[in-house]
Every structure is written in structure tokens, then in C-alpha cells.
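# Coordinates in review
In case you want the letters, here they are:
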Amino acid sequence: MSTDQGPGRGIELRHLRAFLAVADEGGVTRAAARLGLSQPVVSRTLAALERHLGARLVDRSTHHLALTPAGVVFRDKAVAAVGAFDEAVAPARTHRRPLRLGHAWSAFGPYTTPLLRAWQERHPGTPLELLRIDDRTAGLARGDVDAAVLRGTVDTPGIVTTVLFTEDRVAAVAADGPLAARVSLRLADLGGGPVVLNPVSGTTTPALWPPEIRPSVTLTVANTDDWLTAIAAGRGTGVTGSSTAGTHPHTGVAYRPLNDAPPLPVLLARRDGPGHPALPYLLELAREIVGRGPGQADGGQAGRPDRRGEGTR
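These notes cover the structure that comes with them.

Criteria and cut-off values
Residues numbered from 1 in each chain as written. Predicted model: local features only at pLDDT ≥ 70, side-chain atom pairs only at ≥ 80, totals over all residues. Heavy atoms only, no water. Buried < 20%, exposed > 50% of the residue type's maximum accessible area, 1.4 Å probe, protein only. Helix = DSSP H or I, 4+ residues; strand = E, 2+ residues; numbered from the N terminus. Arc of directions from axis to C-beta. Salt bridge = Lys/Arg side-chain N within 4 Å of Asp/Glu carboxyl O. Core = buried A, V, L, I, M, F, W, Y, C linked by side-chain atoms within 4.5 Å. Contact = heavy atoms within 4.5 Å.

## Concerning helix α5 (residues 112-122)
When we look at burial in α5, the residues that qualify are Thr112, Pro114, Leu115, Ala118 and Trp119. Looking straight down α5, one finds that the buried residues subtend no more than 165° of arc, so they occupy a single side. α5 presents Arg117, Gln120 and Glu121 as exposed residues on the side facing more than 90 degrees away from its buried surface.

Right, here's the structure in full:
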């Protein structure tokens, strides 16, 4: 693979591999170790690629290198190009680039373990890496992952979503508080006191409540662990999807059905572009696992399959 660039050397497959290694490893040093090259060689190779494209692909202003917006877009193209080349010249190769799947919490809920096991059996040459990233798009928008399991409404430009299923919302309350003695709760039962919100990666906002019972006091946290800690300490209540009860049990937190809250959609999201070659297989398998129904899922409360197909960006 080579492209003319005037008097200089053309761009070759090694330039793309070096760029992908830097993107995956978050630094030139680790990328060099992965490729078996020296750090200066990797740096020069990356710089040559950027000169050829006329765009900065990597932000070097921090110790942990991050992709620029142009780098995020080019990464998908590079993955597709390298994947096509590898498939063409070595169809029987046993190692493929890992498929990185982000999530902010709970992943696929009760379907997580069946999906991971089925993937390992059917696609042993392409590892599926499940990464928890505290971000509204679980690292997808900034290029840290190839796909993400998201919940709620996603309106980030350049992201395409498919609704896999919906799950009921539940209330999370202090296990030793009066609300824990109730069999089920309503939104009005929570609105009278502080509500703990996670604006970084959570889906609950005050708009979930009707205006007349909207909570007047909220407590903001940055991740699921801090959210659970605050509720267990009695600092407020929370609202989440039913999968959280199975994937994040906490001795200080009781989960109770929330009768009048709308269900929460669970989405498989990807960037709008070619992406990782294995993405279609992931979507196919996720739909299959969900379609089997609650009896085939391991633990927790299963969601309801959704057949609406592709969502909007």
C-alpha cells in the first residue's frame, strides 16, 4: 500500500500500523514496544503520516496521548484498511485486532456473560475487550473504543445507535432507610428529598420528574461508584436501570421497582463510518442473545427486546 506524496516516500501499511498502535496504547513508548521498534522510529513514522495527510492526528500536549478529532475519524479508516489487507493476504491468520467495547456501567446487563461467552466461541481470533469508561458515550466519541453499550438518549454528532432492548427503571435507596421497607416506589416518593445524579455517564436528570414533583435538591457525582456510596450513606436517592441491581449490588443500597418511570433503552452505538470489521458480527450476536429471552440470560432482571432497528445520530 503506497501513495505518492511528491519527492518524499509514499505512505505504506507500516504508517497505519504505527498510528493504530499509538492510538491503542496511548503513547509512543508503549506503541514502540508493541511493534518491536524504537521510539524514534515510531515518532518519525507517525509524523510522516501526519505530513502526508496534512492534519494533526495525535494531541501531544499531555503525557497520555489522545487522538484529535481528525485522528478519531482517520482511525476508523485505518482500521478498515489494515483489516482488509490482513484478510486479503492471510485469511487464515489466528490473531486479529481486538474489538473494544465501552460501557459506563452494567454493559449488557443480564446478557453480558452470555454474549461474551458466545463471542469467544464464535470469534476466537478477535478478542472482545469490555472497557468501563466514565463518559456519556463510554469513550466512543473520543475514539477510545470501537463500539459502546449506552443507555438513554444519545444525540452526539457522528454516532449511530441501534436499540437492543429496554429495561425498567428502579429506585436506589439507602438499605436502612424508610423507603427500603416499601415493595415498590413512585417518582413522587423520591422527589421530596435529595436525588443523587451522575451527569458524567448517567441517564437520570430532574426532567424525569413531572414539574410539580421535580426534586428541588440534587447531589452531583462523577461515576457509578460514588453514586452508590452517596446513596448508601443516606445523602439521597437515585434512579437507574434494572440491570444495575444485578451488576452493582451494594450492602448499603436497596433497589425497588419504580412504577411510573418510563423504560430505559439500551443501545449498541458506533461511529458513523467504516469502523472495526467485526462490528456487524457484534450487532448480529447481540440481537441473537437478546432474542433468546430471559431464560438464556445469566442472572439479574432481563430487558425487553426492541425491534425498532437503527436509531438516529
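## Observations regarding the pattern of salt bridges
On inspection of all chains with the given rule, the structure shows 18 salt bridges. As a salt-bridge pair, aspartate 24 and arginine 75 come within 2.3 Å of each other at their nearest N and O atoms. Placement of aspartate 24 in helix α1 (residues 13-25) and of arginine 75 in helix α4 (residues 69-89) is noted, with a sequence separation of 51 residues between them. Aspartate 24 gets classed as partly exposed once you look at its relative accessible area, which sits at 25%. The closest approach of N and O atoms between arginine 292 and glutamate 288, which form a salt bridge, is 2.9 Å. Among the charged side chains, a salt-bridge network with shared partners connects Asp24, Arg34, Arg75, Arg97, Arg100 and Asp146.

## Quick look at the nonpolar core
Core analysis: the biggest nonpolar cluster contains 23 residues, and Leu16, Phe19, Val22, Leu49, Val58 and Phe74 have the highest contact counts within it. Residue assignment for this core shows that the elements contributing at least two residues are α1, α2 (28-35), α3 (39-53) and α4. Considering every element that reaches this core, the biggest residue donor is α1, with seven residues. Here valine 58 is in contact with Phe19, Val22, Leu46, Glu50, Leu65, Ala66, Leu67 and Thr68, once residues within four sequence places are set aside. Among the nonpolar cores identified, the runner-up in size contains 22 residues, and Leu99, Leu115, Ala147 and Ala286 belong to it.

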